[in-house]
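Listed here are the chains, written in short residue letters.
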Amino acid sequence: MRRWLKIGIGVVLAAAAGFVAHMHVVAQTYYPSLRVQAPEGLVYVVVQDERAERRECGAANERFLSRIKQGCKECRILAARCTRELEEPLERDLYKATPVKHATVVAPGMRMAIVGPQPLADQSCELIAQQAQQQGAGSTACRRATSL
């Protein structure tokens, strides 16, 4: 009888541990982020809204990258990541909508800092915001660079 009790307790504990592990994985979020360098010297740092699964995060990055590749054949992808925490200060500030010293495009589900020479970065920001609105991206705005 004691043997069956120990086996029963072991099975219950194993099931509970499996459930806790599953809940831990389900509860994790991933942040899609990209860095793209344009031939004119601008670097675009993109942070998208968090995703509930790693697969969704990768798909979000791929969708965004496909649009970039169509519009800019000479652009170089510096990074495309899905991380559980935003490690770089600029990415964290973008995600939290904290003002940054770079021109920034703010659109539903996405924030993009444009790093580079100011007049060119501001022009690119305005152009991207206008094109996004024309393509139906909803409320999209360009925040010009500020000195912090």
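Parameters and conventions
Residue numbers run consecutively from 1 along every chain, following the written order of its sequence. Thresholds applied to this predicted model are a pLDDT of at least 70 for local features of residues and 80 or more for the giving and counting of side-chain atom pairs; totals over whole chains, interfaces and linings are not thresholded and use all residues. Each side-chain value is worked out from all heavy atoms of the structure, with water and hydrogens disregarded. Pairing of aromatic side chains here covers Phe, Tyr and the six-membered ring of Trp, requires ring centres within 6.5 Å, and sorts the geometry by plane angle: under 30 degrees stacked, over 60 edge-to-face, intermediate tilted. Secondary structure elements follow DSSP: runs of H or I of four or more residues count as helices, runs of E of two or more count as strands, with numbering from the N terminus. Relative accessibility under 20% of the residue-type maximum defines a buried residue, over 50% an exposed one, and the middle range a partly exposed one, all with a 1.4 Å probe and only protein chains included. Disulfides are defined as cysteine sulfur pairs within 2.5 Å. Helix span is expected to be 1.5 Å times the residue number reduced by one. Here the arc refers to the set of directions running from the helix axis out to each C-beta atom. By definition, residues are in contact when any of their heavy atoms lie within 4.5 Å.

Description of the packing of aromatic side chains
Going through the model one piece at a time under the given rule, you end up with one aromatic pair. Residues Tyr-31 and Tyr-95 carry aromatic rings whose centres are separated by 5.1 Å and whose planes lie at 85° to one another, so their mutual orientation is edge-to-face. Of this pair, Tyr-31 sits in strand β1 (residues 31–37) while Tyr-95 sits in helix α3 (residues 89–95), and the two are 64 residues apart along the sequence. A residue is classified by how much of its surface remains accessible, and Tyr-95, at 25% relative accessible area, is partly exposed.

Here we look at the state of the cysteines
Taken as a whole and judged by the stated rule, the model has three disulfides. A disulfide bridge connects Cys-57 with Cys-82, and the sulfur atoms are separated by 2.1 Å. Taking the torsion about the sulfur-sulfur bond, which here is approximately -105°, the covalent link between Cys-57 and Cys-82 counts as left-handed. Here the residue Cys-57 occupies a position in helix α2 (residues 54–71), and Cys-82 occupies one in strand β3 (residues 76–83), the gap between them amounting to 25 residues. Judged by its relative accessible area of 0%, Cys-57 falls in the buried class.

Some thoughts on helix α4 (residues 118–134)
Because an α-helix packs 3.6 residues into every turn, residues spaced three or four apart end up facing the same way. Compared with an ideal rise of 1.5 Å per residue, which puts 17 residues at 24 Å, α4 spans 24 Å between its outermost C-alpha atoms and is within 8% of the ideal. Residues of α4 that are buried include every one of Ala-121, Asp-122, Ser-124, Cys-125, Ala-129 and Ala-132, and no others. Buried positions in α4, seen along its axis, are confined to an arc of 160° and lie on one side of it. More than 90 degrees from the buried face of α4, the exposed residues found are Pro-119, Gln-123 and Gln-134. Tucked inside the fold, the buried residues of α4 contact β2 (43–48), β4 (103–107), β5 (110–115) and β6 (141–143). Positioned one or two residues after α4, Gly-136 has a phi angle of 85°, which is positive.

Fair warning: the whole summary comes from geometry, so function is off the table for now.
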